[in-house]
Amino acid sequence: MAKTKTPPKPEVAQLTFRGQTIDLPVIIGTENEIAFNISNLRKQTGGVTLDYGYLNTGSCESSITYLDGEKGVLRYRGYPVEELAAKSRFTEVAYLLINGRMPDTKERAGWSALLNQHSMIHEDMSYFFRQFPEHAHPMAVLSAMVVSLSTFYPELSQHRPNEPEEAINFAATRLMSKLRTIAAFSYKKSIGEPFVYPRHDLKYCANFLNMMFGSPVCPYEIHPEVVKALEVLLILHADHEQNCSTSAVRLVGSARVNLYASISAGICALWGPLHGGANQMVIEMLEDIISSGKSVKEYVEDVKCSRGKTLLYGFGHRVYKTYDPRAKIIKKTCDRVLKTLKVNDRMLDVALELEALAMQDEYFTSRNLYPNVDFYSGIIYRAIGIPKEMFTVMFALGRLPGWIAQWKEAREDPRFKLQRPRQIYTGPTKRHLLPEEVSTGLVKAPRVRRQPTIQPIGPSNS
Ligand code: CMC
């Protein structure tokens, strides 16, 4: 008789605490990433984990993006980002992220038609732009406009667990298309020019550039090199697993709020200078170096002496401990765009000098600080004519398909729970208010029995 093979015992890790040992199931990803499942930790030990900044905490299992920070690897749904940047359009990559596979010819045409169909925004929404102050930051406008979409399309306002798949896909497509229009309109509003409406004969990136730089009297002359650079930039920003803004989208979405509100939260998180807002900070840093008359060497010394107060923006990453693979591609693209457009930008020289100095300096090498995605992207945007206040909006435009894919994946996971971390309380133990800590009038004065008034005996005045 053939022997039946006994399945291997599932691997466990063990934790011993106060004499009791518990088993923690081991989870291994398809790229051999290891996690210890601590879902029952509190039940079994009474304790929780503490991990500032979540350096060691996985919040979910995900099949969207793979990132190896030690080796500088980034793949969307298994495809290396280098290959996608060289051979695909942004809208195809968006389809891949959201649907899990590359579109075939028919699906590509259908997706493109849908993006065209949804590209206009409700005319009433265009009045909102007028109410923002002249110098409103476009990221604030963008997040406000995105959450406003839920007032125009309230059918998704309650994020119901059994919402039909088509309704979610419809909302996702609408958002993909409209964010581009909203982004371009927010720029037009900031410079006081009339809006340029989307055109059905133009592809996603060319359409965006025309809305940004065209005018009702003069269409924008579309340069293929500029379109290609924009495609590459958007593809490189399209997803980056559980970063700060994506985690915000998932966390807000875990309260079962609608897609628009969740993405609006992601936009706000992205705005921060440690995250997507770093691309604007890089250009401001380069402007400061040039205008101050300081040498690059002096600036680097200032950064080193400041003990973390002055940063070299566009350097360092929570996950990459080597050169960011996106930055490598962007640096090459930057070179090509500047040459093709015959732009001679002093900022590029300063950026190159900064990188060269930092790469030889023990402060940066010992801390694994390398250029990240934001270091060279701003120089390309400048060459194309996009102002620095719009850089993070461009990042948001690229990141949108990733946010949508992550929001959808979370929603479809039966283990998706309201995200609610624990804490370790370190404040005072129980105490009581002292009399001087109580505002007068807030506590009722003790009731005093009124004494009966004694009427003097005598003739009445009345
Ligand atoms: N310039 C100078 N020193 C730095 C920098 C920097 N850009 N980044 C980190 N350090 C130092 C930091 O001061 C600390 O030094 P020490 O060990 O002496 O205290 C050490 O390096 C470790 O830094 P950390 O802050 O503990 O590392 P982190 O993983 O928490 O920070 C980061 C990651 C991206 C927030 C940080 O590198 C940073 O602030 N970079 C500049 C902002 C930036 O470019 N952000 C864009 C990131 S890529 C786009 C995105 O995906 O968000």
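Source: prediction; values computed, not measured.

Draft legend 1. Looking closely at the site of the ligand. Close contacts around the ligand come from 20 residues, with Leu274, His275, Leu312, Gly314 and Arg318 the closest. Measuring from a nitrogen atom of the ligand, one finds a backbone N or O atom of Leu312 at 2.8 Å. Burial of the ligand by the protein chains amounts to 72% of its free accessible area of 940 Å². For the shell around the ligand, the residue count by class is 11 nonpolar, 6 polar and 3 charged.

Draft legend 2. View of helix H14 (residues 325-340). Its 16 residues place the ends of H14 23 Å apart at the C-alpha level, agreeing with the 22 Å of an ideal helix rising 1.5 Å per residue. The complete set of buried residues in H14 reads Pro325, Arg326, Ala327, Ile329, Ile330, Thr333, Cys334, Val337 and Leu338. Of the surrounding elements, those touching the buried residues of H14 are strand E5 (73-76), helix H2 (81-87), helix H9 (224-236), helix H15 (346-359), helix H17 (374-384) and helix H18 (391-412). Just beyond H14, the residue with positive phi is Lys342, at close to 55°.

Draft legend 3. Summary view of the environment of Leu400. Positionally, Leu400 belongs in helix H18. In this structure, the C-alpha to C-alpha distance between Leu400 and Leu274, residues 126 residues apart in sequence, is 19 Å. The residues touching Leu400, leaving out its near neighbours within four places in the chain, are Leu175, Met176, Leu179 and Ile263.

Draft legend 4. Seen up close, the domain arrangement of the protein chain. Along its sequence, the protein chain is organised into domain 1 (12-68), domain 2 (79-273 + 388-412) and domain 3 (278-381). Distance from the C-alpha centre of domain 1 to the C-alpha centre of domain 3: 36 Å.

Draft legend 5. Examining the packing of aromatic side chains more closely. As enumerated under the stated definition, the model contains 14 aromatic pairs in all. Measuring from centroid to centroid gives 6.1 Å for Tyr187 and Phe213, while their planes differ by 70°, and the two rings are edge-to-face. Placement of the pair is Tyr187 in helix H7 (residues 165-191) and Phe213 in helix H8 (residues 204-213), with a sequence separation of 26 residues. According to the relative accessible area criterion, Tyr187 is buried, its value standing at 10%. Taking 5.6 Å as the distance between ring centres and 45° as the angle between the ring planes, the aromatic pair formed by Phe213 and Tyr220 counts as tilted. Among the aromatic side chains, those forming a connected cluster through ring pairs are Phe315, Tyr363, Phe364, Phe375 and Tyr376. The ring of Tyr153 is capped by Arg174, whose NZ or CZ atom sits 3.7 Å from the centre of that ring. In this structure, Arg367 is placed above the aromatic ring of Tyr363, and the distance from its NZ or CZ to the ring centre is 3.9 Å.

Draft legend 6. Layout of the pattern of salt bridges. Summed over all chains, the structure comprises 21 salt bridges. Across the pair Glu284 and Lys388 runs a salt bridge whose closest N-O atoms are separated by 3.9 Å. Of the two residues, Glu284 is situated in helix H12 (residues 278-292) and Lys388 in the loop between H17 and H18; the sequence distance between them amounts to 104 residues. Residue Glu284 is classed as partly exposed on the basis of its relative accessible area of 24%. Here Lys304 makes a salt bridge to Asp361, at a shortest N to O gap of 2.8 Å. Of the two residues, Lys304 is situated in helix H13 (residues 296-305) and Asp361 in the loop between H15 and helix H16 (362-366); the sequence distance between them amounts to 57 residues.

Draft legend 7. Representation of the pairing of E5 in the model. Across 4 bridges, strand E4 (residues 65-68) lies against E5 in antiparallel orientation. In the sheet register, Thr65 faces E5, and the bridge partner there is Tyr76. Hairpin connection from E4 to E5: 4 residues lie between these consecutive antiparallel strands, with Gly72 at a positive phi of about 70°. In this structure, E5 lies alongside strand E6 (residues 79-80), joined through 2 bridges in antiparallel fashion. If you follow Tyr76 over to E6, its bridge partner there is Tyr79.

Draft legend 8. Spatial organisation of empty space enclosed by the protein. Under the definition given, this model contains 2 cavities of 30 Å³ or more. Size it by volume and the largest cavity reaches roughly 50 Å³. If you trace the largest cavity, you find it lined by Phe132, Pro133, Glu134, Ala136, Pro138, Val141, Ser186, Lys189 and Ser190. Taken together, the elements giving at least two residues each to the lining of the largest cavity come down to helix H6 (138-152) and H7. If you tally residues by element for the lining of the largest cavity, the top one is H7, at 3 residues.

Draft legend 9. View of a nonpolar patch on the surface. Where nonpolar side chains cluster on the molecular surface, the patch consists of Ile28, Ile34, Phe36 and Ile38 and spans about 390 Å² of accessible area. Looking at the element boundaries, Phe36 is found in strand E3 (residues 34-36). For Phe36, a relative accessible area of 48% translates into the label partly exposed.

About the thresholds
- Residues numbered from 1 in each chain as written.
- Predicted model: local features only at pLDDT ≥ 70, side-chain atom pairs only at ≥ 80, totals over all residues.
- Heavy atoms only, no water.
- Near = heavy atom within 4 Å.
- Polar contact = N/O pair within 3.5 Å; in protein donor to acceptor, adjacent residues only side chain to side chain.
- Areas by Shrake-Rupley, 256 points an atom, 1.4 Å probe, with all protein chains shown as cover.
- Nonpolar A, V, L, I, M, F, W, Y, C, P; charged D, E, K, R; others polar.
- Helix = DSSP H or I, 4+ residues; strand = E, 2+ residues; numbered from the N terminus.
- Expected span 1.5 Å × (residues − 1).
- Buried < 20%, exposed > 50% of the residue type's maximum accessible area, 1.4 Å probe, protein only.
- Contact = heavy atoms within 4.5 Å.
- Domains from an automatic or database assignment.
- Phe/Tyr/Trp six-rings, centres within 6.5 Å; stacked < 30°, edge-to-face > 60°.
- Lys NZ or Arg CZ within 6 Å of the ring centre and 35° of its normal.
- Salt bridge = Lys/Arg side-chain N within 4 Å of Asp/Glu carboxyl O.
- Pairing = 2+ DSSP bridges.
- 1 Å grid on protein atoms, 1.4 Å probe; cavity = no way out; pocket = protein on both sides within 12 Å on 5 of 7 lines; lining within 4 Å.
- Points joined across faces, edges and corners; volume = space filled by probe spheres on them.
- Patch = residues over 30% accessible without salt bridge, like charges linked within 9 Å, V, L, I, M, F, W, Y side chains within 5 Å.

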